Amino acid sequence: MSPTRHVTIAEQVAIFILVIAHHTKNRIIKSTFLRWGYTICKYFNSVLNTILKLHTILLVTPQTVPDDCTDSRWKYCKGCLGALNGTYIPVKVLVEDVPHYRN
């Protein structure tokens, strides 16, 4: 990812964030940034590829809540992967794995 003569890195990231955060269609982004559809697609993919290259730094593998955890926020989430920063995230598991995640 690098700036070009016509599109700065800030604009490339803004295009990416607008698409990801608001699920904005290419047609809307074209009119917002006054760019061709090919340009929007090219720089969206450029930012996406850069983020994917940084996945080892940006994404952390979740750790289960240990059984001996004394923090009151996590006492009901022992062994759970569906809780982050006090926010419950619903997780769907395979039918054959459901008994492992009950109680």
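From a predicted model like this one, the values you see are computed outputs, not experimental measurements. (Residues numbered from 1 in each chain as written. Predicted model: local features only at pLDDT ≥ 70, side-chain atom pairs only at ≥ 80, totals over all residues. Heavy atoms only, no water.)

Caption draft 1: Looking closely at the overall build of the chain. A tally of regular secondary structure across the chain gives four helices and two strands. For the chain, the succession of helices and strands along the chain, N to C, is α-α-α-α-β-β. Summarising the internal contacts of the chain: among those between residues at least 6 apart in sequence, 30% fall at separations of at least 24. (Helix = DSSP H or I, 4+ residues; strand = E, 2+ residues; numbered from the N terminus. Contact = heavy atoms within 4.5 Å.)

Caption draft 2: Helix α3 (residues 37-53), seen in detail. Here α3 spans 24 Å end to end across 17 residues, near enough to the 24 Å set by a 1.5 Å rise per residue. Those residues of α3 lying buried are Gly-37, Thr-39, Ile-40, Tyr-43, Phe-44 and Val-47. Across the axial projection of α3, the buried residues extend over an arc of 165 degrees, all falling on one side. Residues Tyr-38 and Lys-53 are exposed on α3 and point more than 90 degrees away from its buried face. Where α3 is buried, its residues contact α1 (9-22) and α2 (26-33). (Expected span 1.5 Å × (residues − 1). Buried < 20%, exposed > 50% of the residue type's maximum accessible area, 1.4 Å probe, protein only. Arc of directions from axis to C-beta.)

Caption draft 3: Structural view of the pattern of salt bridges. Per the stated rule, a full pass over the model turns up one salt bridge. In this structure, the salt-bridge partner of Arg-35 is Glu-11, at a minimum N-O distance of 3.0 Å. With Arg-35 in the loop between α2 and α3 and Glu-11 in helix α1, this pair connects stretches of sequence that are 24 residues apart. In this structure Glu-11 comes out as buried when scored by relative accessible area, which is 16%. (Salt bridge = Lys/Arg side-chain N within 4 Å of Asp/Glu carboxyl O.)

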